[in-house]
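# Chain and residue survey
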There are 2 protein chains.
Amino acid sequence: MPDTVATPSRRADSLTRDTIIDAAIVLLDTAGEGGLTFRALAARLATGAGAIYWHVADKDDLFTAASDAIVVRAMQDAPPDDTPQAGIRAVALAMFEAMDAHPWLGSALSRAPGQLPTVRILERLGRQVDALGVPQDRQWMAACALLNYLLGVSGQNAANAVIARERGLERAHFLDTLAGAWSRLDAQAFPFARKVAGQLRAHDDRADFLAGIDLIVHGLQALQGGR
Amino acid sequence: MPDTVATPSRRADSLTRDTIIDAAIVLLDTAGEGGLTFRALAARLATGAGAIYWHVADKDDLFTAASDAIVVRAMQDAPPDDTPQAGIRAVALAMFEAMDAHPWLGSALSRAPGQLPTVRILERLGRQVDALGVPQDRQWMAACALLNYLLGVSGQNAANAVIARERGLERAHFLDTLAGAWSRLDAQAFPFARKVAGQLRAHDDRADFLAGIDLIVHGLQALQGGR
DNA sequence: ACCTGAACACCGTTCAAGT
DNA sequence: ACCTGAACACCGTTCAAGT
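Residues numbered from 1 in each chain as written. Chains lettered and ligands numbered in written order. Predicted model: local features only at pLDDT ≥ 70, side-chain atom pairs only at ≥ 80, totals over all residues. Heavy atoms only, no water.

## Overview of helix H1 (residues 17–31) of chain A
Residues and elements named next belong to chain A. The criterion, for reference: Each helix is a run of DSSP H or I of at least 4 residues and each strand a run of E of at least 2, with the numbering of both proceeding from the N terminus. To estimate the expected span of a helix, count its residues, drop one, and scale the result by 1.5 Å. Throughout, exposure labels follow a simple rule: accessible area from a 1.4 Å probe, protein chains only, divided by the maximum for the residue type, with under 20% read as buried, over 50% as exposed, and the rest as partly exposed. Residues are treated as being in contact if the distance between any of their heavy atoms lies within 4.5 Å.
Between its first and last C-alpha atoms H1 spans 21 Å; for 15 residues at 1.5 Å apiece the expected length is 21 Å, and the two agree. Residues of H1 that are buried: Ile-20, Ile-21, Ala-23, Ala-24, Ile-25, Leu-27 and Leu-28. Buried positions along H1 lie against helix H2 (38–44), helix H3 (59–77) and helix H7 (136–166). Within two residues after H1, Gly-32 carries a phi angle of roughly 80°, on the positive side.

## Things to note about the protein's contact with DNA strand D
Filter applied, for reference: To be near a molecule or strand, a residue needs just one of its heavy atoms within 4 Å of it. Throughout this description, a polar contact denotes any pair of N or O atoms lying within 3.5 Å of each other; where both atoms belong to protein, one of them has to be capable of donating a hydrogen while the other can accept it, and for residues adjacent in sequence the pair is counted only when both atoms sit in side chains. Residues are grouped as follows: Ala, Val, Leu, Ile, Met, Phe, Trp, Tyr, Cys and Pro are nonpolar; Asp, Glu, Lys and Arg are charged; every other residue, Gly included, is polar.
The environment of DNA strand D is formed by 18 residues, the closest being A:Thr47, A:His55, B:Arg39, B:Tyr53 and B:Lys59. Within 4 Å of the protein, the atoms of DNA strand D are drawn from sugar and phosphate moieties in a proportion of 51%. Contact distances for DNA strand D include 3.2 Å between a phosphate oxygen and a backbone N or O atom of B:Phe38. Note that a phosphate oxygen of DNA strand D is positioned 2.8 Å from one of the side-chain N or O atoms of B:Tyr53. Looking at the surface near DNA strand D residue by residue, the classes come out as seven nonpolar, seven polar and four charged.

## Quick word on the packing of aromatic side chains
Residue and element names in this part refer to chain A. Let me state the cut-off plainly: Here the aromatic set is Phe, Tyr and Trp, taking the six-membered ring for Trp, and pairing holds for ring centres within 6.5 Å; pairs whose planes are under 30 degrees apart are stacked, those over 60 apart are edge-to-face, and all others are tilted.
Per the stated rule, a full pass over the model turns up 10 aromatic pairs over all chains. Taking 4.6 Å as the distance between ring centres and 15° as the angle between the ring planes, the aromatic pair formed by Phe-38 and Tyr-53 counts as stacked. Of this pair, Phe-38 sits in helix H2 while Tyr-53 sits in the loop between H2 and H3, placing them 15 residues apart in sequence. Centre to centre, the rings of Phe-63 and Trp-104 are 6.2 Å apart; their planes meet at 35°, and the pair counts as tilted. Separated by 41 residues along the polypeptide, Phe-63 in helix H3 and Trp-104 in the loop between helix H4 (84–101) and helix H5 (105–111) bring together distant segments of the chain. A residue is classified by how much of its surface remains accessible, and Trp-104, at 2% relative accessible area, is buried. One aromatic cluster is present, built from ring pairs that chain together Phe-96, Tyr-149 and Phe-209.

## Describing the relation of the copies chain B and chain A
Inclusion rule: A least-squares fit on C-alpha atoms brings the copies together, and the residues used are those whose pLDDT is at least 70 in both copies.
For the pair chain B and chain A, the best superposition has an RMSD of 0.0 Å and corresponds to a rotation of 180° with a translation of 0.0 Å parallel to the axis. Here the symmetry operator amounts to a two-fold rotation axis.

Structure below.
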């Protein structure tokens, strides 16, 4: 056999929206939020900066498209409902993991309220809220409370990760210095912060996150059927 | 009396950190997050762009200093504790109002986790959590849950306000178009989102926000004393 | 000690011009 | 229809030079 390439394996893939989004995700994951640049993206895709605008409206569009891709995967990972409580936990945990793996996701989601990525999450949460027996006229509030808590937590965790990365510290070391700063706060003005500084150092993000979810679910159960 | 100015009322106020921070807040309030620019700030302060760096480390420093000024005022507005429940509600509401008045605050706070502004809020929440009778080893989790929920909600509301502003729409009109988009989503994939689209249009941010706080507080009360 | 403002190394986005 | 890449109008930050 001559060594002519049998199947030409044409790299013919002219730029695609999906190709761009995937490259954007890689860039965000490896270089952080500031690493997503049209120039860097163009370089990685071996094309001109302007070409990207043919497939993507602008940077916001790109950013929320990247988020949506991650959220879709996360929602697939979340196993189908067992009990409503378990379903809510599963969705929350899937998002927690996703935000942990992609620290830019939190800020992307909060920058695009009401857009597809957050609606996907709300949809999943809402169905469980319904299954939980929360009265119709409270379901919006209930699902939003869960979503907002979820976004709040992961936003903070992600910010921690981002800052730790920027300063080139381990996450643990970063929390350590933070806890140190807290315990040096004024004793009169910040008794609580000083008291919990140790817990800041030692706490388990995931466990605390789920405990918060349980708190809200517990509150929701009290609404069951009632009115 | 001759019209020589009695007290020279010297404008002598050479640049001050506080002057800069106040100007930054005005800029953020009037021109949005993108309006805070060292050049714009310098123009407003009638100085050179570089001068600002003498009093402020960098843009992040300026941003969280501006946040802190707002948070301090908000915490002062929150009346001293009545019952713990009322205290938590008061802190939450004060922050809600602050974020409503300064839509950039949400993103500023989530960008500076563990820094002074958020610690101030956590401190206030934590004391109420303690007063509520939550066991010591759960107080960190409890206060964080409240804080994270609070930041999550206001982040979303603020993002709504920012986007509505950018597109030059009334907030209500923005929610209207959003609700329209939701009700046009695929019926198979988004039954819940379609169902609550109307509530998205009509809902009261503040009421829903407080309902969520109550949900968490309700969950916290179940922890009282126990363990 | 504090301020000036030009200079540096970037951005997102546009748009004529190419294929 | 899709891509190129120079050009435009910005940024944050630095730093010699001034007072």
